[in-house]
Structures are given as C-alpha cells and as structure tokens.
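Coordinate inspection notes
Take a look at the letters that make up each chain.
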Amino acid sequence: MSNTTAVNQKPQAWRAGLLVVLALLATNVAAQAPPTYQQPPAEILALADAPTPPVVFSDSRHTTLLFLAQDTYLPLAELSAPELRLGGLRVDPRTHVANTITLSDNKPLRLVYSRGITLQRIDRAAPIAVSGLPAHPRLAYFSWSPDETHVAFTQTAEEGVEVWVLDVASARARRLTRARANASLGNPLSWFRDGRALLVRTLPPTPRALIDPQTAIPSGPIVSVSDGRKSSNRTFQDLLDSPIDDATFQALTTAELIRVPLRGSVSRWAGPAMYRSTQFSPDGRYLLVETLQPPFSHSAPLDRFPARHDLLGHDGRPLLTVAHQPRSDNLPRGRMAVPQGRRELRWRTDADATLVWAEALDHGDPAEPATHRDALHAWPAPFADTPRVLLKLSGRFKDVTWGDEAHAIVQDEWWDTRETRSYLLDPTHPASSRVLFQRDAQDRYADPGRFATRRDARGETLLRLDGDAAWLIGEGYSADGQFPFVDRIHLANGHTQRVYQSTLRERAETIVELSGPAAGMALVQIESPSEPPDYYLRTLASSEAPRQLTHFETMYPSLRGVHKQVLDYRRADGVALSGVLYLPAGYERARAGTLPLLIWAYPVEYKNRDSAAQVTANPSRFTRLDFKSPVYWVTRGYAVLDQAAFPIIGDGDIEPNDSYLPQLKANARAAIDAVAALGIVDPRRVAIGGHSYGAFMVANLLTHTDWFAAGIARSGAYNRTLTPFGFQREERSYWQAPAVYQAMSPFLHAEQMKTPLLLIHGQDDGNAGTHTMQSERYFAALKALGAPARLVLLPRESHAYQARESVLHMLWEQDQWLSRYLGPGAHSESIGEVAKPPYPHRADVTELQSK
C-alpha cells in the first residue's frame, strides 16, 4: 500500500508544479496586457469635461454676433484619419484639408471645426439657431462678405470640402458647391469685392493621382548635396525628402480658381496652380495670387519654397508677374534673417489698387552692418511707373495699417535688442514721416496700445481716424495692476488724451474694438475668476453700466471658493518675480496642515531686467482650464503656483542663455521660498511641471538640484545637440556656443538625475525641435543610468494634445505621479508620512518603465 501511495503522489506533485508554472505564465501575460486609456479622479474629470463656451464672431458694427459651437476635444477617430505629411502640412488625402500647418516661424496650427452656429442680434434678447446646416457639421474658415450681409464658410464632408453661405437676415445657411474645394494650403475662400460671389480654390476636373510615400516603390536612392553655401535651418519636421514626396505635394496642393456666385452658375476663373494666397485689390479690378513653384526645399517647410506673385485681371487673365521669390532654405543665421527681394506683398487698403511690399536693404543678413534694414515700397496701378520707396526702416518690417492719403502706421522690430518702432507715414509726402513710438517690445508697462481700426464698405481694414486724430487701445499693465484704456492721439504732435480707463478690480475687462461713428462706444469683455468672459457694449463717455450682450454659463462650479492671488517675490539677485497662487477652497492651515505644492512655469528670455520684472498676470481673470493647466490639482488638495515667472536675462552682448542654469535655479529657489514663507506648504513636498520649453526647464532643474520631490515634463527637448542651429530664442549654433548647448542639455548630464520624472509626449509631435525621439532617447538614458522615470507616449497626438482619451489619460498619469511622490492631498507635516497608494510599475501607454 505504501508503494501505491508513493506512485500516486508523483503525478500529483507534477500536476501541482504544472499549475504553478501556468499560474506564473498567466500572471506574466496579464502583466503584459495591452495598456488602455485611464480617466482621472472625479474632481479632475468634472473640470476636464466641462463644456466650452462658443467662439464669438462679430460684424464690424457689433450689431450681429455669431456663436460658433466647438467641441472641447477632437474625436480620437478624427486624429487617427489618414494623413500625408509633406512640406510642413498634415493633410487628409480623402478631403484635401490641411489638418495642421507648420511654418518656419510658428508652432503647428491645427484646424478647429465648429459644430454649429447661433446668431445674436443686439436688438433682440434671444439668440437664433441657424437653420439649414448639415446633419453633422464640421465648419471652418468663416468670412464676412464686404457688406456683412452674408458669411461664407466651409463644410468638411466625408468625401471632401463644400462651400456654404449664411444669409444673416434670415439666419439660414445653404450649400453653394459640391465637395470639391481644395483646403490643402489653408483657407480656400475669398470674397469678390461686390459681395455677390466667392473665389474658391477647387480640385481640378481631373486631379493627379496621389501617391502614398509610405507604400510607393522608390525609383532610386535619396541623395542630398551641400553646395558649400552656409545655411542654418532649424530642426523642422514633416518635410519633403524624395521625388515621390515632391510629386505628391504638387498633386495634393494643385487647385483651380472658380467663381461661385450666391445666385447663378459656377464658372472657371483661372487655371491649375499651387495657390497659396489670393488677394483682391480694394476696387476689385485685380487679383494678386501667390503660387508655389518647384524645385521644393527638402530642409524647410513650404513658406521657404520658391514662390511667384502674379496679377490677374478682373476676369482671371494673367497680366503681370510682380515678384519671384527663390527658395529660401539657406538664409543667414538669426531670427531677423529674411530672403532678398520683394516680400510681404499686399494691397494698400485705403487706395483702389496700389501694391506694397517690403524689401531688405542689408541683403537679408542681420549680421551685416546697416543704418536701415528694410524699405517699404508702393506701386500704383496701372503698374507702368517705377515703384517708389515710401519709408526706410531701422528694423525689420512687421506690419502696416493704412488710413488715408496722409496717414498710415508702420511697425518694425529687431529681435537682438527687442526694440520695436511705430512710424507715422504720410503716403503722399513720405519725407515727412517720423517715429511715433520706440520701446522695448517686452516692456508691457510702456506699451502705448494698438491703433483702433474700422472696416469700410469694401470690406477693407483701415486706421480709425478723426481728421488728424486716431485712437489707441491699451492693455493697461502697470505695477498697480491691469486697467485697459482708450487714448485719443493727435498724430501731428503725438500728444494723447485718456478717453477711458477701466477701474474694475474684482473683475477684469478687455477692450475688443471701438464702435460707432465717433468711436464713442467699445465692444468689451468682462470676466471674473469664476465667470467666463461675456461681451458688453460700453459707452466710453458715460458712467452707466455697460450693456451685456452674452450670458455664458459658469463652466467650473467646483472652482468657486478657490483662493487665487498674484504672489510677488524676488530672486536672490533682486529681480522681481511673480506667479498666480491657487489654494483649495476653504483651506485653513490650522485645521488642514501644510499642502503639497505644484509649480508650473515656462522660461522666457529678456534683454532688459526691468521688462523681465513686470507683472502681467491678473488675478481677476477667469480661470480657464485646458490640457496644459495645473490648476486641476487645487481640487485634489494641492497648492498650485501657476505662471511662475522664470526670466532668463541677458544684457548687451551677453546672451540670456550664457547664464541659463544659474538663473533657472535662482527662479526656482525664489518660487519655493516665497510660497513656503507663507507657512502653507511643506518645502519637501514640491513638484515642478512644464510643457515644451517648460519641460526642458523641468529636466534641468531635476538634474541640477535636489529641491523637488518629483517632476512632470511634457513634449520637451532634452538634447540640444539635436537642435544645433538654434532653439527657442537662442540664435547661435552649436558650433558657435558649444559650452552653452552642452551645459543646457539635461540628456548630457543624465547621470546626475535622481529625482522621479514623468515624461509625456505626443507620438506624432510635429513641432520644430521637439521630436518625439527627444523623450524616447532621454528616457532610455535615464533608464540605463538607474534614474526613476516613466515615459508615456500618446498615440496620434502632436505638440498640443487634443483627443479626450489622450487628455484624460494624461491627467490620470499626472495625478498618479503626484499622489505617489507628494501625497494625495494629505496635509502631512512630514514627508515620511506621505501616503503612497498603489501605482502601476509598468507603463500603461508604452512598455517603457524604469524600475
């Protein structure tokens, strides 16, 4: 019997061992389960899902307001739609719509659709729902007709882009064209000056077949050649890099121009080309068109491609080539470098048909010594005489606002000194022109304001004038707070008279634009920390309360009672700093103890100490939340210092980044000490966070200090040798300032990093310099060196996160990270008592996790 028992026990032991192995395998498989999107706690979720107020689109007389409803987030399916990424564009090849456009001097601009329209007439109490819209609106590119009786817009259907028009009087919309408009290069619509028809960029009758560069069979290798000329392009993305890309870009962006009347038949107006812009002359006799030309650049986006400017007649016939702009992907170094030749071509808005443009006087090279950098030229119809110079500028041309034959305002800028000037130009007698204002562009306290404008009967924007007088609308920043104003300026002598200045302190006011024949009224916005901006009509010379036009509902009831203040403090070298401090509603230190602190910041470079010290935060403004905001965590028991000032200051020939790290640390130390001095936070439980250049700041602070319990860095760049021709506002190349690049790169000092760091990045980041690879490589280094870090990649997201799933998961990640290292709102006096709830040790969005 004993032998039988022994024999029977062996199979049972084997089975038990097998069960253990299977259990371990099952556990391992479960641990490797595909990650899923998570949602943040209820307090944060309620804020993140709050409805977005509509965008307001007003006529120039402020008698009719359009409310454009927009979703808070984009559907993830929309972000996941097919895209061709070419020349700085991300285009849906099915609809010929540029979802994102990235030019050489801008961050990616994502097209945002409106999902509905309501109309508000100021002489009526209730808004009117616009009828006739499609069942599933995806509306964009809204444009008032010259007489403001109609509004044109596009509707993106599944098969393409349709052109629609809204009749304002009847509040009814109707479709004008089938889904044939080509929005690959942006807005495809322009109004004819009589307001009775639209000029539309549309697909050719037989468009070229699109080739998917990812699946096409290459005909040969990709070859790049350096011809010995120096160039210093930044690290752009979504570029062309092969003949297949070139052909696809040309096929995608080629369009014809058609005339689409509000009533009547569509007619062909001009033949196929890559139309980047179309501008009618004020009298409607000419059309200025900009078309892209091959050969394209493979090192810069489309605004550096060759281009030609042509004049067409009122019937679409070619008349004259005005300018050839060569490929400009080899510009001299510096933010003020520009192409040689005619640029910034446009019409003089107060004349019937006069072309104006800027032209460099220093060969476009900011390093070349020159008394004058640019000249403003004018060329009136019939374009037979020699163009004349209206004004020579000390800096680079920035903008011009035309008034009449005797008045125009021209602005220039020069980045190296941060200097900007406003000139008074007499177009008839340009020799009498002079400088009205000259100041540091970053000096907000000295800002005289922007000149008020009006819209004329032809739909053109003009300087608002009363004889020799004009009006300035100022933001009103000062050491005492922000109080917007309206000044009347006598242009002959520059003297100003204060017409109106806001006195609101518990609420904040924004002057949108002046109204009325004598500029006696203004369209304004008024808001408070808990009430979103509503629109009002204010009579400037009256003490009566303004007339409220809109009544938007409060979006964040849970933020009522949250303490909000501007906190002023100084760093060790005496530079004045500030930030907006938020404390939980009802917080009392005696009862709740000290709080964990979350600091959120974004460094800014200055060349003037006084400008860097100015306070531009207004505690009376509405607290608006988006994916970037850290204020969500005030509902989780954290103190939050948002918009913490992190100036990096240079002086003269000393560049700001020459002392980046010492100034960065001084800013951080000052912020921590200022809040700690209030006795409300435990300085051992402080986290620092930032997005983009703010993420770069976070990585550097965690590398070079031990002041923080944790950090959050989103969509940043961490190795400056991968952006060797400049970054942010740094103009020098790596080879000109290697020590600066190396000192500022946290990747190169990863062995020093011991503080827990949460890295988040959009997997399809299209922003120049913040390629997703930056976070991937940095995380790999941290993991290899044993630093506590976590990398989360958000599929389909670019530099700004837009899908609800992505944003909610990002908020969950951040909340988990902060709870783990700072405590979930437990106001402990000791860091040793911080509660650490279970937190997954594997990445829930990627398989990357440093133990």
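Here, every reference points to the structure presented above.
Residues numbered from 1 in each chain as written. Predicted model: local features only at pLDDT ≥ 70, side-chain atom pairs only at ≥ 80, totals over all residues. Heavy atoms only, no water.

**Quick look at the overall build of the chain**
Note the following rule: For helices the rule is a DSSP run of H or I covering at least 4 residues; for strands it is a run of E covering at least 2, with both sets numbered from the N terminus onward. The size measure is the radius of gyration over C-alpha atoms, and the globule rule it meets is 2.2 Å times the number of residues to the 0.38 power. Only protein chains enter the accessibility calculation, which uses a 1.4 Å probe; a residue is then buried when its area is under 20% of its type maximum, exposed when over 50%, and partly exposed in between. Any two residues whose heavy atoms approach within 4.5 Å are treated as being in contact. Residue exposure ignores everything except the shown protein chains as possible cover, and the areas themselves are Shrake-Rupley values with a 1.4 Å probe. For the charge count, each Lys or Arg is scored as positive and each Asp or Glu as negative, with His and the chain ends excluded. For this purpose, a charge sits on NZ of Lys, CZ of Arg, CG of Asp or CD of Glu.
Across its full length, the chain holds 11 helices and 51 strands. In terms of C-alpha radius of gyration, the chain reaches 30 Å, essentially the compact-globule figure of 29 Å for 851 residues. Overall, the C-alpha framework of the chain stretches about 115 × 65 × 60 Å when taken along its three principal axes. Relative to its 851 residues, the chain shows a buried fraction of 56%. Once local pairs closer than 6 in sequence are excluded, the contacts in the chain between residues at least 24 apart make up 59%. Accessible area of the chain: about 36300 Å², with a carbon and sulfur share of 52%. Side-chain charges in the chain split into 90 positive and 92 negative, and the spacing between the mean points of these groups amounts to 3 Å.

**Some details on the packing of aromatic side chains**
Two aromatic rings are characterised by how far apart their centres lie and by the angle between their planes. The line we're drawing: In this scheme Phe, Tyr and Trp rings, the latter by its six-membered ring, pair at centre separations within 6.5 Å, and the angle between planes marks the pair as stacked below 30 degrees, edge-to-face above 60, and tilted otherwise. Over a ring means this: the NZ of a Lys or the CZ of an Arg is within 6 Å of the ring centre and within 35 degrees of the ring normal.
In the structure shown here, the tally under the stated rule is 30 aromatic pairs. When the ring of Tyr 693 is compared with that of Phe 696, the centres are 5.3 Å apart and the planes differ by 25 degrees; the resulting orientation is stacked. On the criterion of helical spacing, the pair formed by Tyr 693 and Phe 696 is a turn pair, its members being three residues apart in helix α8 (residues 693-704). Residue class for Tyr 693 comes out buried when judged on its relative accessible area of 3%. Residue Phe 696 is classed as buried on the basis of its relative accessible area of 0%. Taken together, the ring pairs connect Tyr 602, Tyr 660, Tyr 693, Phe 696, Phe 725, Phe 727, Tyr 734, Trp 735 and Tyr 741 into an aromatic cluster. Sitting above the plane of the Trp 707 ring, Arg 669 keeps its charged end 4.8 Å from the centroid. When the ring centre of Phe 727 is taken as reference, the NZ or CZ atom of Arg 720 above it lies at 4.2 Å.

**Remarks on the sheet that holds strand β27 (residues 419-425)**
Defined as follows: Each pair of strands is called paired provided DSSP finds at least two bridges between the two strands. The axes used here are C-alpha line fits, helices contributing only the stretch in contact, and every angle between their N-to-C directions lies in the interval 0 to 180 degrees.
Read across the open sheet, the four strands follow the order β25-β26-β27-β28; overall the sheet is antiparallel. Strands at the two margins of the open sheet, each flanked by one partner only, are β25 (396-404) and β28 (434-440). Adjacent strand axes in the sheet meet at a mean angle of 15 degrees when their direction is disregarded. Examined bridge by bridge, β25 and strand β26 (residues 407-414) share seven bridges and lie antiparallel to one another. Within β26, the position partnered with Val 400 by the bridge is Val 410.

**A look at the sheet that holds strand β18 (residues 287-292)**
Spatial ordering of the open sheet is given by β17-β18-β19-β20, a layout of four strands whose pairing is antiparallel. Edge positions in the open sheet fall to β17 (275-280) and β20 (318-325), since each of these has one partner strand only. The sheet shows a mean angle of 20 degrees between the axes of neighbouring strands, taken without regard to direction. Here five bridges tie β17 to β18, and the two strands are oriented antiparallel to one another. Across the sheet, residue Ser 277 finds its bridge partner in β18, namely Glu 290.

**Structural notes on helix α7 (residues 660-676)**
Test applied: Under the convention used throughout, the expected extent of a helix is 1.5 Å for every residue step, that is, one less than its residue count.
Taking 1.5 Å as the rise per residue, α7 with 17 residues should run 24 Å; its terminal C-alpha atoms sit 24 Å apart, in good agreement. For α7, the complete set of buried residues consists of Tyr 660, Leu 661, Gln 663, Leu 664, Asn 667, Ala 668, Ala 670, Ala 671, Ile 672, Ala 674 and Val 675.

So, to be careful, I would describe these as geometric facts and stop short of saying anything about function.
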